[in-house]
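Descriptive analysis of the structure
Each chain, letter by letter, is given below.
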Amino acid sequence: MTARIGVVTFPGSLDDRDTQRAIKLAGAEPVALWHKDKDLKQVDAVVLPGGFSYGDYLRAGAISRFSPVMATVIEQAKSGMPVLGICNGFQILTEAHLLPGGMLGNDHLHFICRDQKLKVENAETAWTADYESGQEIHIPLKNMDGRYVADERTLDMLEAEGRVVFRYVVGGAFADGFGNPNGSLRDIAGISNEAGNVVGLMPHPEHAVEPLVGSGRTDGLPFFTSILKKLVNA
Amino acid sequence: MARVVVDVMLKPEILDPQGQAVQRALPRLGFEGISDVRQGKRFELEVDGPVDDTALARIHELAESFLANTVIEDFTVKVEEVAEAGK
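Residues numbered from 1 in each chain as written. Chains lettered and ligands numbered in written order. Predicted model: local features only at pLDDT ≥ 70, side-chain atom pairs only at ≥ 80, totals over all residues.

1. Quick notes on the overall build of chain B
To be explicit about the condition: For the purposes of this entry, the term helix denotes a DSSP run of H or I that reaches at least four residues, the term strand denotes a run of E that reaches at least two, and both are numbered from the N terminus. Radius of gyration: C-alpha atoms only; globule rule: 2.2 Å multiplied by the number of residues to the exponent 0.38. Residues are called buried when their C-beta atom has 20 or more other C-beta atoms within 10 Å, exposed when it has 12 or fewer, and partly exposed otherwise; all C-beta atoms are positioned from the backbone.
For chain B, the count of helices and strands is two helices and three strands. Ordered by position in the sequence, the α and β elements of chain B form the string β-α-β-α-β. What you see for chain B is a C-alpha radius of gyration of 17 Å, clearly larger than the 12 Å of a compact globule of 87 residues, by over 25%. Along the first, second and third principal axes, the C-alpha atoms of chain B reach 45 × 35 × 15 Å. Per-residue burial over chain B gives 13% buried out of 87 residues.

Right under this line is the structure:
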């Protein structure tokens, strides 16, 4: 038996199908979930995909956070169910206060779409166990509101507790010279909750699971194999 | 009927690139002497019935949980008189 991983479709979601495909390629069973449905169909984990749910009206993720499906996701995430938020999904997780801090418009005010180099800072979460700590990966990034902000105390806490999961690579041999893509504080690209079951990041691992497309590498696939191993061995 | 206005602003310590872009455009338009601009949101809520303490408390709760994200934004709530003559 394999793991069942739900992918929520909100009105305005864009990457739900790609995420389902990535889950399938990793060997798990993708389960489509609907934003109006409180029922999670007994999935073992949930991915909130990228896109512009509810048109990003008010703030990105602000309206989605109050959708019926999110009531159940929030409740179950608090009791340990693994949840991954990608891009708009990350924004929804901060709006739902499952992750600290908030997301704002890119500091340069432009939409950004490029392959982005990241450093894996924490390879012990439910979603990153198949990476190595310190590993550098290359996956697509595409967003308008990608600037991660939090107060200094929260940032210090995240660093001290190892909850900065990914950072944008802005220096060193692996860097591409573009620097921080959106003005995120301390180059933070992704974080986790205290327990490590909830992870959110701006870049898109689901677009880098086959050599033919994306960055030409399969650097995003370990997200989905990580969670599958965790659930099957649980 | 009364109107309640909720103003939402980014917290002062948070960078506001949109406000900066507006500020930088001002000299080009002949406006001098504006050293900073910050941009926010204004919500006008038309309230049925009296705006008493209970109604205001509910609107405050709405602003705190939904209209503003208090992790990154501050808000104010104020009651505005609606001129009956205009109806």
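Continuing now.
2. Description of the UniProt feature "active site" (unreviewed entry) in chain A
Residues and elements named next belong to chain A. For clarity, the threshold we go by: UniProt positions are given in the numbering used here, feature names are shortened, and annotations may be inferred rather than shown by experiment. Each residue gets a C-beta atom placed from its backbone, and two residues are in contact if those atoms lie within 7 Å.
If you check UniProt for "active site" (unreviewed entry), the listed places come out as Cys 87, His 204 and Glu 206 in our numbering. Their sequence span is 120 residues, while the largest C-alpha to C-alpha distance among them is just 10.9 Å; these annotated residues converge on one region. A residue is classified by how many C-beta atoms lie within 10 Å of it, and Cys 87, with 30 of them, is buried. If sequence neighbours within four positions are ignored, Cys 87 has contacts with Gly 50, Asn 143, Met 202 and His 204. Topologically, Glu 206 is positioned in the loop between strand S11 (198-201) and helix H5 (221-233). With sequence-adjacent residues up to four places away left out, Glu 206 is seen in contact with Asp 15, Asp 18, Thr 19, Ala 22, Ile 86 and Gly 220.

3. Notes on the interface of chain A and chain B
For clarity, the cut-off: Residues are grouped as follows: nonpolar covers Ala, Val, Leu, Ile, Met, Phe, Trp, Tyr, Cys and Pro; charged covers Asp, Glu, Lys and Arg; every other residue, Gly included, is treated as polar.
Contact residues are listed per partner, giving 11 residues for chain A and eight residues for chain B. For the side of chain A that touches chain B, the class distribution of residues is four nonpolar, four polar and three charged.

4. Structural notes on unusual backbone geometry
All names here are of chain A. Its identity is not glycine, yet Lys 41 carries a phi of approximately 55 degrees, on the positive side. Here Lys 41 lies in the loop between strand S2 (29-34) and strand S3 (45-48). For Leu 58, which is not glycine, the phi torsion reads 70 degrees and is therefore positive.

5. As for the pairing of strand S9 (residues 164-168) of chain A
Residue and element names in this part refer to chain A. The test is simple: Strand pairing is assigned whenever DSSP identifies at least 2 bridges connecting the two strands.
With four of five residues buried, S9 lies mostly within the body of the structure. Examined bridge by bridge, strand S6 (residues 112-120) and S9 share three bridges and lie antiparallel to one another. Bridge assignment links Lys 119 to a residue of S9, and that residue is Arg 167.

6. Details of the sheet that holds strand S1 (residues 2-10) of chain B
Residues and elements named next belong to chain B. Rules: To get an axis, fit a line to the C-alpha atoms, keeping to the stretch in contact for a helix; angles then go from 0 to 180 degrees between the N-to-C directions.
Reading across from one edge, S2-S1-S3 is the order of the three strands in this open sheet, with antiparallel pairing throughout. Lying at the two open borders of the sheet, with one neighbouring strand each, are strand S2 (40-47) and strand S3 (73-80). Across this sheet, the average inter-strand angle for adjacent strands is 20 degrees, counted without regard to direction. As judged from the eight bridges shared by S1 and S3, these two strands associate in the antiparallel manner. Each bridged residue has a counterpart across the sheet, and for Val 4 the counterpart in S3 is Val 79.

7. Regarding the sheet that holds S6(A)
Sheet strands line up and pair through hydrogen bonds in the backbone, either parallel or antiparallel. All names here are of chain A. The mixed open sheet is built from nine strands, whose spatial order is S2-S1-S3-S4-S11-S10-S9-S6-S7. Two strands close off the open sheet at either side, each with one partner strand: S2 and strand S7 (136-143). Here the average twist between neighbouring strands, direction ignored, is 25 degrees. Both strand S1 (residues 4-9) and S2 contribute to a ladder of six bridges, which runs parallel. Pairing of Val 8 across the sheet is with Leu 33, part of S2. Docked against the sheet, helix H3 (residues 88-95) engages S3, strand S4 (83-86) and S11, running at close to 120 degrees with respect to S4.

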